[in-house]
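Working through the structure, step by step
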Amino acid sequence: MNLKRGPGAEPYTLRMPAGRPGVSWQLPEETDPEVALPCVVLLDRTGLAEFAVLQRGLRTLGVPSLRIDAGAIASLKIISQPDDGSLTVDGRRIIPTLTWVRHFSSRAIPGGNGSALSLFRADSWCALVDQVSSLSAVRLPDGTDPGRLVQLYSAARAGIRTPRTIITTDPAAASAELATDRVVVKALDRHFVETEPGTMEAMFPEILDGAGARNLPAQEMPMIVQEYVEHWAELRVYHLDGEILAFRVRKHSPEAIWRDAASVAVSPVIAPEAVAGAVQRLVGLWGLRYGAFDFLLTKEGPVFLEVNSEGDWRWFESKAGVDDVSIAALSMVQDLHRQATRESRPTIDLTGFLMLGTDRTRQAKDMTPGMDVRVLGALEVRVYGTLVHISARKARVLTAILLSNANQVVPTEQLIDSLWGERPPATARKNLQVYVSMLRRKIGDRISYEGWGYRLDAGSDEFDLLRFRHLATAGRDLRRRGDADAAAALLDEALSLWRGQPLAEFSGVPLIDEAVGRFTDLHLAVSEDWAELEIERGGHVEALTRLDDLVTYFPGRERLVAARMTALAGCGRAPEALSQYEAVRRHLAVELGIDPSPVLRNLYEEILQGKGFRQSW
């Protein structure tokens with residue numbers, strides 16, 4: 001609140017992000033402007049990212065939308081017809097299915113000069129927005145809009161812990177009554193007031209020691225005085241029509257998000273069960289589809305601070321490097337629009353249905369852009385040579401699962417389990433469909449739905465894993481036929497595709513771990529084949545270059561160890577070969593309680609006796 005500020009001091013001023021005010025339509029091609037089109041309507045402020053991202057996603061999913069900026073509303077030509085609920089905007093007639101209003105107020109409308117006429121003008125536009133929202137099948141924010149006093153009272157009545165709070169014009173007396181070491185003093189309503197369109201002045205919360213707070217002067221306005229709650233974490237939790245997404249926020253002061261954003265750390269987390277339960281109870285009390293909740297985590301459990309039905313999410317997503325809330329918002333709006341238009345969600349993807357029994361890999365290649373995919377290391381997807389950015393964690397997991405199981409159907413239930421774990425939200429299936437739609441937009445129409453799961457089609461010329469398998473099969477076949485030189489060349493080419501541990505960022509996702517385990521086993525077998533061929537051709541040093549690292553990571557793999565022992569002995573380093581045997585013997589005894597195989601023991605004896613030796617597996 002900055003209550004100790006001197007009379008000449010200026011409050012913190014925030015300039016809204018720059019942007020061109022206007023109206024943005026995203027409609028199907030060749031629509032008749034005189035025919036009322038069911039349409040999502042978004043109203044917000046120039047420069048805010050949430051609705052810009054949402055509208056791009058709606059376009060991808062084929063949902064018509066209109067976005068209106070507060071700075072442009074006064075220039076619109078609007079006709080509203082109450083008899084059919086339609087709205088004509090600049091000559092185009094629509095029926096709002098869902099209207100979502102954020103940060104839209106009379107103070108945001110430009111052209112005001114303080115006169116009665118300008119105030120009447122701004123109020124009239126806001127009244128139209130409010131009433132058009134009421135006529136829509138769905139309006140957001142919905143339910144009641146509880147202020148902080150009602151929020152805290154309702155939460156406490158619902159058995160959810162809240163800070164001890166007093167609302168007062170006398171913060172000193174309230175601090176004395178709370179009798180705590182520290183108190184928080186903050187605004188009863190919003191922290192920002194818009195002094196002119198696009199210019200915000202802030203009154204941030206302050207944390208004061210008890211003694212200092214008891215010396216505060218009386219104020220001309222009511223404010224909140226709360227006990228300061230000791231906590232080990234702060235959470236921002238989003239609720240979107242049943243789905244709950246959480247971020248842990250680390251900041252050194254309440255105003256750091258605005259004054260020192262670089263110092264704030266944000267990371268996605270799973271909402272603790274007690275927090276998720278509290279959110280569900282509160283949205284039920286207030287009838288909210290969307291809300292941004294703030295919680296503190298303490299040793300005694302979560303403490304509810306407040307909820308904002310217009311809370312931003314893109315800033316938190318950007319800091320965390322994800323876009324899960326944007327995807328959930330897109331899924332929510334798409335679903336509500338379909339419900340309002342009574343449009344059923346398709347249960348069968350026609351692309352997958354029509355391709356049953358055909359050569360889908362070839363057809364997918366013919367109808368989709370050129371792709372270069374790499375999973376033998378970090379995940380990389382390129383289309384026409386351009387790196388595709390997939391930032392949302394769940395979208396990346398989905399991509400990795402489908403790619404690591406390319407040309408195979410992955411059951412829907414397994415995908416849901418991998419993305420949401422044991423507690424998937426009620427919206428999990430529809431959110432999965434949104435992720436698939438967004439992925440199709442990035443890589444082309446390669447993903448088909450087969451009635452029980454999804455399949456991503458790819459060819460060996462565009463996917464390093466498939467190239468590796470193709471080269472490995474061909475090389476091992478040539479070895480069996482006795483063409484050692486050609487076999488070694490193909491196996492070497494296959495191994496060169498590996499760039500490190502495959503898909504390491506997804507470790508712990510069962511479907512990916514299983515797939516990585518399968519092609520890691522193949523990689524080891526190919527490495528052993530290549531090393532044995534290289535040793536047979538006298539390339540002991542070359543073989544050691546690859547074997548040294550592999551044996552370190554797989555110390556109990558006897559064939560790999562045997563190849564390294566043979567290469568060491570071939571380089572005149574017999575003592576090291578014998579030490580390698582002792583190392584594997586100890587490892588097998590400790591980890592598995594077994595001795596080395598007869599083949600490895602015989603190799604050890606031959607090296608020990610200085611005889612010529614021959615590896616046989």
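For the structure, check the block above.
Residues numbered from 1 in each chain as written. Predicted model: local features only at pLDDT ≥ 70, side-chain atom pairs only at ≥ 80, totals over all residues. Heavy atoms only, no water.

**Thoughts on the sheet that holds strand β16 (residues 243-250)**
Overall, antiparallel pairing links the five strands, which are arranged β17-β16-β15-β18-β19 in an open sheet. Only two strands of the sheet have a single neighbouring strand rather than two, namely β17 (265-269) and β19 (301-308). On average, adjacent strands in this sheet sit at an angle of 30 degrees to one another, irrespective of strand direction. In this sheet, strand β18 (residues 290-298) lies alongside strand β15 (residues 233-240) in antiparallel orientation, the contact comprising eight bridges. Paired with E234 across the two strands is L296, which belongs to β18. (Pairing = 2+ DSSP bridges. Helix = DSSP H or I, 4+ residues; strand = E, 2+ residues; numbered from the N terminus. Axes fitted to C-alpha atoms, helices over the stretch in contact; angles between N-to-C directions.)

**Points about the side chain of T412**
Along the chain, the position of T412 falls in helix α13 (residues 412-420). Judged by relative accessible area, T412 falls into the buried class, the value being 4%. The contacts of T412, once residues within four sequence positions are left out, are R429, L432, Y449, W452, G453 and Y454. (Buried < 20%, exposed > 50% of the residue type's maximum accessible area, 1.4 Å probe, protein only. Contact = heavy atoms within 4.5 Å.)

**Some words on the environment of A392**
Its place among the elements puts A392 in the loop between β22 (386-387) and α12 (393-404). Between the C-alpha atoms of A392 and I327, which are 65 residues apart in sequence, the distance is 8.3 Å. With residues near it in sequence (within four places) discarded, A392 still touches V322, D323, D324 and Y435.

**Considerations on the pairing of strand β13 (residues 206-209)**
Because side chains alternate across β13, one face comprises the buried residues E206 and L208, and the other comprises I207 and D209, none of which is buried. Examined bridge by bridge, strand β10 (residues 182-187) and β13 share four bridges and lie antiparallel to one another. Along β13, the bridge assignment pairs V183 with L208.

**Topic: helix α21 (residues 598-608)**
Turning to α21, its buried residues are L600, L603, Y604 and I607. Down the axis, α21 shows its buried residues gathered within 100 degrees of arc, on one side only. Turning to α21, the residues buried within the fold contact α19 (558-570) and α20 (574-591). Directly beyond the C-terminal end of α21, a positive phi value near 70 degrees is found at G610. (Arc of directions from axis to C-beta.)

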